[in-house]
Structure formats: C-alpha cells, structure tokens
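Now for the letters of each chain:
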Amino acid sequence: ELVVEEKGIYSIEKFLVSRRLMFWQVYLHKTVLAAEMILVKIIQRAKELISAGIEVKGATPAFDYFLQTERTATNLSNHLSMFCRLDDIDITASLKNWCFHSDKILADLSSFLTNRQLFKVKLQANPISTVEFEELRNKICLAKGVNKEESRYYIFKGEAVNTTYNSTDERINILFKDGSVKDISQVDNALIQQALSGPMKKFYLCYLSTV
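Scope of this entry: the structure provided in the associated data block. Just so you know, these numbers come straight off a predicted model, no measurement behind them. (Residues numbered from 1 in each chain as written. Predicted model: local features only at pLDDT ≥ 70, side-chain atom pairs only at ≥ 80, totals over all residues. Heavy atoms only, no water.)

1. Considerations on the overall build of the protein chain
Put simply, the rule is: We count a stretch as a helix when DSSP gives it H or I for four or more residues in a row; a strand needs E for two or more, and each element gets its number in order from the N terminus. The reference for a compact globule is 2.2 Å times residues^0.38; the radius of gyration itself is calculated from the C-alpha atoms.
A count of helical and extended segments in the protein chain gives 8 helices and 6 strands. The order of α-helices and β-strands along the protein chain, N terminus first, is β-α-α-α-α-α-α-β-α-β-β-β-α-β. Here the C-alpha atoms of the protein chain give a radius of gyration of 22 Å, more than 25% beyond the 17 Å that 2.2 N^0.38 yields for 211 residues. Along the first, second and third principal axes, the C-alpha set of the protein chain runs to 70 × 45 × 30 Å.

What follows is the structure in structure tokens.
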C-alpha cells in the first residue's frame, strides 16, 4: 500500500484537490462529455446495425474487429492484441466514411462529431425533469423525423460522478513520527475528510442543439 510520511500530507492533499478540479473542468467538461457520449452512441448504433445484418465496416482491421466480434473468455488474448493496434486514426477515418452511410442515424451522428457540431449539455445537481426531457424529445422527433425509440440517439440523460478520494479503492496511508499509520481521511485537521471522500454527482442532459 502507498504510505507517505506525515510531512508530505499537504502535497498529497493538493494533488487530490487538483485532480478533483481537473475532472470537473477538463475530463467532465460539457464539451468533452458531449463528444464522448456522441462517440458512444455512434458505436452503439453501428453494432445495432451489424446485429440486424446491415453492413457497417470499420476503416481499419483493428476497429472492424471490435465492431464485429464480442469479447469472450476464449478470445480475450486476441482482444488485447487488437486493442493495442487501435488509436484515434482508426476512429476518425471510420467516422468520415460513416458520414455517408445509408443509415440516417449513423450518418447524422458521425457528421456531428466529425464537423464538431456537438450536442448541448445541461449539468445540474438534481435529476433531469421528466417533463423537460419529454418536451425536448418530442421536438427532436419532429425535427429529425424519428420515432421515440430512435430519438435515444439524439437525446439522453445520465450521471457524471467524481470522487476526490476513495479510501476503499485508492488507500493512502500517513506515517506519523510515533510509528502509527492512519488513512489520510482519518487524520485530524486534514483537508480530505469524510465529506470529501464521498462521490460528487451531477446529472446531465445531452441533446441535439438545433431544437
């Protein structure tokens, strides 16, 4: 386990707080969240079409492998090998091709991400109102000519979670001069107390911004 001398506690606290701020300001920023979720929806749609017998080809053998193949206990080694061949070029090239796919939803989503036309994201402390969600979904159905089942690719909601410090997952012990050892969240007057050890959750609504 990681153990830090008592004199280093402030450096650890600064690192943890900086990571917390970095997550909200960078990794969970609205723009990043929108781009990531559109990419998730694109791959979901591609795999859905493949399952229905519609051809969707990845631009490279590595990416195409993951579109066509489900992970099992017997092919895990091959999965890891193919994963190491992936990079952003595999994805970018595939999306550029899919902008012209016959499936309207896949083509739409691929065009949105390729052309940086990202969905609008609303972050808030409370769950998204069902009334607000339904109103936006109805507008999107009319604007895009899709049904409610298909609209899940144009509007969706979820939770963004950030934890400053999780003692069960990333335990950091502090070694005191008397030889005793305590978890950093149990140290008197420490910045990382139990209140900051719990997860901080925000609810998001992500939807097509043209409605």
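2. Some details on the packing of aromatic side chains
Worth spelling out the cut-off: Aromatic pairing here means that ring centres of Phe, Tyr or Trp (its six-membered ring) are within 6.5 Å. Orientation follows from the plane angle: under 30 degrees is stacked, over 60 is edge-to-face, and everything else is tilted. Relative accessible area decides the class of each residue, using a 1.4 Å probe on protein chains only: under 20% of the type maximum gives buried, over 50% gives exposed, and in between gives partly exposed.
Throughout the structure, instances matching the rule amount to 5 aromatic pairs. Geometrically, the ring pair formed by Phe 66 and Phe 83 is edge-to-face, given 6.4 Å between the ring centres and 85 degrees between the ring planes. Of this pair, Phe 66 sits in helix H3 (residues 61-68) while Phe 83 is found in helix H4 (residues 76-83), placing the two residues 17 residues apart along the sequence. A relative accessible area of 54% places Phe 83 in the exposed class. Ring centres of Phe 112 and Phe 119 lie 5.7 Å apart, and the angle between their planes is 65 degrees; on these two criteria the pair is classed as edge-to-face.

3. Here's the deal with the sheet that holds strand E3 (residues 155-163)
This is how it is decided: One requirement defines pairing of two strands: DSSP has to find at least two bridges between them. Angles shown run from 0 to 180 degrees and are taken between the N-to-C directions of axes, each axis being a line fitted to C-alpha atoms and, for helices, limited to the stretch in contact.
Sheet architecture is open: 3 strands sit in the order E2-E6-E3, paired in antiparallel fashion. Of all the strands in the sheet, just strand E2 (120-124) and E3 have a single pairing partner and so form its edges. With direction set aside, neighbouring strand axes in the sheet form an average angle of 25 degrees. Pairing of E2 with strand E6 (residues 199-207), which is carried by 5 bridges, proceeds in the antiparallel orientation. Note that in E6 the partner of Lys 122 across the bridge is Leu 205.

4. So, the pattern of salt bridges
What counts here: We define a salt bridge as a contact between a side-chain nitrogen of Lys or Arg and a carboxyl oxygen of Asp or Glu at a distance within 4 Å.
Throughout the structure, instances matching the rule amount to 14 salt bridges. Notably, a salt bridge pairs Glu 48 with Arg 45, separated by 3.4 Å at the nearest N-O pair. With a gap of 3 residues between them, Glu 48 and Arg 45 both fall in helix H2 (residues 30-51), about one helical turn apart. On the basis of relative accessibility, which here comes to 32%, the residue Glu 48 falls in the partly exposed class. Counted as one network, the salt bridges with shared partners bring together Arg 45, Glu 48, Asp 103, Glu 149 and Arg 152.

5. Quick notes on the side chain of Ser 94
The following threshold applies: What qualifies as a polar contact is a pair of N or O atoms within 3.5 Å, subject to a donor-acceptor requirement within protein and to the restriction that residues adjacent in sequence count only when both atoms come from side chains.
As for its position among the elements, Ser 94 is in helix H5 (residues 88-98). Looking at Ser 94, the relative accessible area reads 0%, which means it is buried. At 2.8 Å, the side chain of Ser 94 and the backbone oxygen of Asp 90 are in polar contact.

6. Structural notes on the packing of H3 against H5
Packed helices, taken two at a time, are described by the angle their axes make and the gap between the axes. Threshold: Working definition: roughly parallel below 35 degrees, roughly antiparallel above 145 degrees, roughly perpendicular at 65 to 115 degrees, and oblique for all remaining angles. In this analysis, two residues are considered to be in contact whenever any of their non-hydrogen atoms come within 4.5 Å of each other. Note that Gly is not counted as nonpolar here; it falls among the polar residues with everything else outside the nonpolar set of Ala, Val, Leu, Ile, Met, Phe, Trp, Tyr, Cys and Pro and the charged set of Asp, Glu, Lys and Arg.
Here H3 crosses H5 at 70 degrees, and the two axes come no closer than 9 Å. When the interaxial angle is binned, H3 and H5 end up roughly perpendicular. Facing H3, whose interface residues are Ala 62, Phe 63 and Leu 67, H5 presents Asp 90, Ile 91, Ser 94 and Trp 98. Broken down by class, the residue content of the contact of H3 with H5 amounts to 5 nonpolar, 1 polar and 1 charged.

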